[in-house]
Amino acid sequence: MPHLCCNRNGQSSAGPTGFVSSSAVNHYAPHLVIEPVHLDISVHFKDLSSKSVQVKVTHTFRSSNSSSIAPLKERSQIVLNGVAFENLQVQGKGVSHSYDGKEIKLYWDSPFESQSERTVTLEYGVDHPVSGLLFDRRDWLPGTTDEWAITDHETEKARYWLATVDFPTVRTTLTWHITAPERFTSMANGAFVGEDMKDGFKTTHWKLDHRCPSYLTCFAVGDLIEVDDGEVDGKPIKYFAAKSRKEDDVRRGFNETPSMIKWLQKKVGCPFPWPKYYQIALPSILGAMENISLVTWVDTFAIDETNALERKQLTDCVNIHEMAHTYFGDLLVIRHFEHAWLKESWATYIESCWLQDHHSEDVFRNEMIENAYSYFDECDRYMRPIVTRKYDSSWDIFDMHTYPGGAWRIHMLRCLLGEDAFWTGVKEYVNKFAQKTVQTSDFQAALEEASGLNLTRFFDEWIYSKGYPKIKADYSFDKQANLVKISLSQTQVDKKNGVPLFALPLEIEVADEKGNVFSTVAEFDRENKIVAFIPLPKDVSPHVLRIDPDGKVLFTLELNADEDILENTAKSAKDIMSRIHAYYELVKTGTRASLKTVRRLIKEEPFYSVRIHVSDALSKLKTPFALEILAELFADEQDPKAMYSVFDNCFIADKNIREAALKVLKRDNLPYRAHASALAVLGYQHNEQDLPYLLEVAKDESKIGQFGLIRAGALKALGYHRSEESFKYLISRADIGLENPRSRQALVKAIKESAQWQEDRYKRMAIDKLVELLRDDNAYVRKQSVAELVNLKAKNSYDDIDASRALIAKDDYPWLDRKLKSLQESSSGGEKVGHETIEKLEERIKKLESKLLDIAAKEEAAKAKKQD
């Protein structure tokens, strides 16, 4: 599955206010009375420019042991998925078929006997598929003639070129025969068998003996460079990219691969199963995808030296994430989509484990903190159980609940069981279910067997229920009794909506000035309010407070404590989460004294992510003094891993922030994302004096940045600037070929941002251009255009947006439906007004009414006095 970090922009089509629509239904895996067990796949490309291919697939079907007692219908027919195939021909003994453009129904004239096999061959053409098989576009790599075709299937996209049962529970072995003009390089799942040359064409042959679901089948063909990184245990490790890419950038992105394979197979206690490990990076791919033995990546992970300053750690995390799927998702395949956490949560958690074993505990804890916040943010829009069969699209399951939310559940299980029992259970689970399908109960049973624990309550509350603990903690210290008291409550409980009270142990510790630690464990069980006490020795005072100091539990914390305790904790706590909590509470108080404390301490904060969180807290407070400190953070931040995140928290029109942006932009060799963010923040100041500079950067061909990252920032800045001149420039750059393809998505958003502040004729011009871009070659541009038309409340574009359905896969339809619904419901009189805003306006009206009544009363009194 495209990795979370690549997928943070949201593969899930779930809407802004709910996970499912009113028409959502439960989904189930198909029956397996007759099951495909092998595919022999031949693809023939006359060229790649025509974006078409001839396909021949021979299916080997096998009946199950119970087929003799299954209903006759289940023993004599099967449905294959296949969309928009041309000139379909089906051959096989005793078989007939029907085809409606979406499904191929095969009918045998006699039912299968138990464990019997039959073969059927399907031949057809595929022309300009809307998904699944991706071809190069003329603007992806400007100035090159590189061509390629590559597959990208998850969740249900193989059907757009491959006749198959397009669900994960059906797995087949594979043989491949890829024919293309001999200049091209070809590859597929499995081991290389050989190649043939004939009449200017080359046919390469590949074989995979492991059973593979449709979403993990993969091949690629095109103008490619090859980077050889040796072998691990005799298995070749190679990386590929378009010929115009630099070999050093490709190697820089993937160079940890051999050491990761060695670490991973030891971690899970199972030898690496594939005959090779190839990775290929091309512009067409969305994120990264764990296809068996042939992992596909978007080429933005082939990073140059400057990009690596900001992105190398993330690139390594994506690398180990996709590799983790070797075991969690590929070797052990989920039975159906409701169990997606068994692969995506695991792959996300393996990222954290890699960081823990190869970086530091702070880096590991930071990754877990970021996972928690990503999950919490999504829970603000909707909450669902980690395992649920009810969804509109299988894509919906691949959200922040599944990735970071599920990763945290796995971490809590590790902490609950302990290192030995947990990893023993994991290794038994992997080895027991290798080359099989799995469901959640299998994982639970493996951990229970290894630990002896009954995990039913844990799975009931954390996997099959919604939500997470929201803990409120009130701290006090009785000096006479030398007793620390912590009153704790869970505030999230909502039985009506399925949010439970969570049973959990919560470790609490205080430390004195010398670092001596005193602790207790508060146990939530059946009550949502508990009190914990920590007695201290005589003449000892608490200095630092840490709740869950080892980061074992997923929860949010609202902490009411003395400012002295918060200050000392922010300064001296060993773990970054305790420091972050303390900083948030200090900022939240909003007093000048507490903000002075923050200002003084943050200058000495050693870990970059704590500074990011402080900038976030200050940006939400928005008082003049808070913004003054925020501007200082903006101007002073030097760590490439922190810069763009700190800068992104500065989208506030403020003179100090503007001065900080100008100061930062004078630096030489800013990392790309930091440079882009600083430009966008400057544009957000709406200052006329900045327009010439922003236009200059937007036109400077020497300041594009790898993959157009700097240019994207300049375009965003012009969108935020609101001026008519910037709007006219943005509109003039919208057509294909004028901007770097990676920058065009930012350009579309910038047009919307600017259009909101223009007179009606220019706003209409923007809407017309966005409607035109709904037909653009670039799928990212099309999707962004849909979003911005909705944001502009362009109701007249409804039919045009709906018509773009023809250019997307069916599993993306719910995303489009939600956008159309949002457009229908949008108010015609500007932005929707939030409940809080309405309350504020009502309060102001009341005050004005009160003042008017006072004035009227005084006037009446004055009149009466005058009459007397």
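Taking an unreviewed UniProt entry as the reference, the chain is identified by name as Aminopeptidase belonging to Umbelopsis vinacea.

Caption draft 1: Local environment of the overall build of the chain. The helix and strand inventory of the chain stands at 28 helices and 30 strands. Expected size for 868 residues packed as a compact globule is a radius of gyration near 29 Å; at 30 Å, the chain falls within 12% of this value. Along the first, second and third principal axes, the C-alpha atoms of the chain reach 110 × 70 × 60 Å. Relative to its 868 residues, the chain shows a buried fraction of 58%. Carbon and sulfur atoms form 47% of the exposed surface of the chain, whose accessible area is close to 36,800 Å². Here the chain contributes 114 positively and 131 negatively charged side chains, and the mean placements of these two sets differ by 3 Å.

Caption draft 2: Examining the pattern of salt bridges more closely. One pass over the full model with this rule turns up 55 salt bridges. Notably, a salt bridge pairs D525 with R457, separated by 2.7 Å at the nearest N-O pair. You can see D525 sitting in the loop between β27 (517–524) and β28 (529–535) and its partner R457 sitting in helix α11 (residues 456–462), a full 68 residues away along the chain. When its relative accessible area of 26% is taken as the criterion, R457 is described as partly exposed. In this structure, E637 and R611 form a salt bridge, with 2.7 Å as the shortest nitrogen-oxygen distance.

Caption draft 3: Region of interest: helix α20 (residues 691–699). For α20, the set of buried residues is L691, L694, L695, V697 and A698. Projected onto a plane normal to the axis of α20, the buried residues spread over an arc of 160° and lie on a single side. Turned more than 90 degrees away from the buried face of α20, the exposed residues are P692 and E696. In the core, the buried residues of α20 are packed alongside α19 (672–683), α21 (709–721) and α22 (724–732).

Caption draft 4: View of the sheet that holds strand β9 (residues 132–135). Across the sheet, which stays open at both edges, the 4 strands sit in the order β9-β10-β15-β12 with antiparallel pairing between neighbours. The open sheet has two edge strands with one neighbour each: β9 and β12 (185–188). If you compare each strand with its neighbour and ignore which way they point, the axes differ by 15° on average. By the bridge criterion, 3 bridges tie strand β10 (residues 148–152) to strand β15 (residues 219–222) in an arrangement that is antiparallel. From the neighbouring strand, I150 faces β15, where its bridge partner is A220.

Caption draft 5: Main features of the pairing of strand β8 (residues 117–127). In terms of strand pairing, strand β3 (residues 52–63) meets β8 through 11 bridges, oriented antiparallel. Bridging from a neighbouring strand, V57 pairs with L122 of β8. The sheet contact formed by strand β5 (residues 86–91) and β8 spans 4 bridges and is antiparallel. Looking at β8, one finds that Q89 is bridged to E123.

Caption draft 6: View of the packing of helix α24 (residues 760–773) against helix α25 (residues 779–791). Contact pair α24 / α25: the axes reach a minimum separation of 8 Å and the direction vectors enclose 145°. Here α24 and α25 pass one another in a crossing that is left-handed. Contact residues: α24 offers I767, L770, V771 and L773, while α25 offers V781, R782, S785, E788 and L789. A per-class count over the contact of α24 with α25 returns 6 nonpolar, 1 polar and 2 charged.

Caption draft 7: Quick look at α24. Taking 1.5 Å per residue as the helical rise, α24 with its 14 residues ought to reach 20 Å, and the 20 Å between its terminal C-alpha atoms agrees with that figure. Within α24 the residues assigned to the buried category are Y762, A766, I767, K769, L770, V771 and L773. Check the buried side of α24 and you find it contacts α22, α23 (744–755), α25 and α26 (798–803).

Caption draft 8: Spotlight on the sheet that holds strand β16 (residues 224–232). The 5 strands are arranged β16-β17-β18-β20-β19 in an open sheet whose pairing can be described as mixed. Each having just a single partner strand, β16 and β19 (288–289) make up the two edges of the open sheet. Alignment of strand β18 (residues 277–281) against strand β20 (residues 294–297), held across 4 bridges, turns out to be parallel. Within β20, the position partnered with I280 by the bridge is T296. Relative to β16, helix α3 (residues 247–254) is tilted by about 40°, and along the sheet it contacts β16, β17 (235–242), β18 and β20. Against the sheet, helix α5 (residues 305–324) engages β18, β19 and β20, with an angle of about 145° to β20.

Caption draft 9: Spatial organisation of the state of the cysteines. Tallied over the full model, the rule gives 0 disulfides. In this structure C212 is a free cysteine whose sulfur lies 9.3 Å from that of C218, the closest cysteine sulfur available. Among the residues examined, C212 registers a relative accessible area of 2% and is labelled buried. C415 takes part in no disulfide bond, and the closest cysteine sulfur to it belongs to C353, at a distance of 10 Å. Judged by its relative accessible area of 30%, C415 is partly exposed.

Caption draft 10: Looking closely at the packing of aromatic side chains. In this structure the tally under the stated criterion is 43 aromatic pairs. When the centroid spacing of 4.5 Å and the interplanar angle of 35° are considered together, the rings of F376 and Y468 count as tilted. Of this pair, F376 sits in helix α7 (residues 361–379) while Y468 sits in the loop between α11 and β24 (470–478), placing them 92 residues apart in sequence. A relative accessible area of 7% places F376 in the buried class. With a relative accessible area of 3%, Y468 lands in the buried category. In this structure, R159 is placed above the aromatic ring of F167, and the distance from its NZ or CZ to the ring centre is 5.5 Å.

Caption draft 11: Looking closely at unusual backbone geometry. Note the cis peptide between E154 and T155, where omega equals 5°. Positionally, T155 belongs in the loop between β10 and β11 (171–181). One non-glycine residue, D233, lies in positive phi territory at about 55°. Note that D233 resides in the loop between β16 and β17.

Caption draft 12: Here's a closer look at the pairing of β24. Of the two faces of β24, the one lined by I471, A473, Y475 and F477 is fully buried and the one lined by K470, K472, D474, S476 and D478 carries no buried residue. Examined bridge by bridge, β24 and strand β30 (residues 556–560) share 5 bridges and lie parallel to one another. Looking at β30, one finds that I471 is bridged to L557. Connecting β24 to the antiparallel partner strand β25 (residues 483–490) that follows it, the hairpin turn spans 4 residues, and N482 within it adopts a positive phi of roughly 50°.

Caption draft 13: Structural detail: the confidence of the model for the chain. Per-residue confidence for the chain gives a mean pLDDT of 93; residues scoring 70 or more make up 93%. Note on residues 2–11: pLDDT under 50 across the span, and 41 contacts to partners over four residues away in sequence or across chains. A low-confidence stretch, residues 828–844 (pLDDT under 50), is modelled with 9 contacts involving residues beyond four sequence positions or located in other chains.

Caption draft 14: Main features of the packing of α25 against helix α27 (residues 813–825). The geometry of α25 relative to α27 is characterised by a closest axis approach of 9 Å and an angle of 20° between their N-to-C directions. As far as their axial angle goes, α27 and α25 are roughly parallel. Relative to α27, α25 is oriented so that their crossing is left-handed. Seen from α25, the contacting residues are K783, V786, A787, L789 and V790; seen from α27, they are W815, L816, K819, S822 and L823. Residue composition of the contact of α25 with α27, grouped by class: 7 nonpolar, 1 polar and 2 charged.

Caption draft 15: Main features of the side chain of T402. Tracing the backbone shows T402 in helix α8 (residues 401–417). When residues no more than four places from it in sequence are discounted, the contact partners of T402 are A340, W341, E344, S345, R384, I397 and A407.

Caption draft 16: Looking closely at the environment of L413. Tracing the backbone shows L413 in helix α8. As for L413 and R611, which are separated by 198 residues in sequence, their C-alpha atoms are 30 Å apart. When near neighbours in sequence (up to four residues on either side) are disregarded, L413 contacts F422, F443, L447, L455, F458 and F459.

The rules behind each value
Residues numbered from 1 in each chain as written. Predicted model: local features only at pLDDT ≥ 70, side-chain atom pairs only at ≥ 80, totals over all residues. Heavy atoms only, no water. Helix = DSSP H or I, 4+ residues; strand = E, 2+ residues; numbered from the N terminus. Rg over C-alpha atoms; globule rule 2.2 N^0.38 Å. Buried < 20%, exposed > 50% of the residue type's maximum accessible area, 1.4 Å probe, protein only. Areas by Shrake-Rupley, 256 points an atom, 1.4 Å probe, with all protein chains shown as cover. Lys, Arg positive; Asp, Glu negative; His and termini not counted. Charge placed at Lys NZ, Arg CZ, Asp CG, Glu CD. Salt bridge = Lys/Arg side-chain N within 4 Å of Asp/Glu carboxyl O. Arc of directions from axis to C-beta. Contact = heavy atoms within 4.5 Å. Pairing = 2+ DSSP bridges. Axes fitted to C-alpha atoms, helices over the stretch in contact; angles between N-to-C directions. Left-handed = near helix turned anticlockwise from the far one by under 90°. Nonpolar A, V, L, I, M, F, W, Y, C, P; charged D, E, K, R; others polar. Expected span 1.5 Å × (residues − 1). Disulfide = S-S within 2.5 Å. Phe/Tyr/Trp six-rings, centres within 6.5 Å; stacked < 30°, edge-to-face > 60°. Lys NZ or Arg CZ within 6 Å of the ring centre and 35° of its normal. pLDDT = per-residue confidence, 0-100. Parallel < 35°, antiparallel > 145°, perpendicular 65-115°, else oblique.

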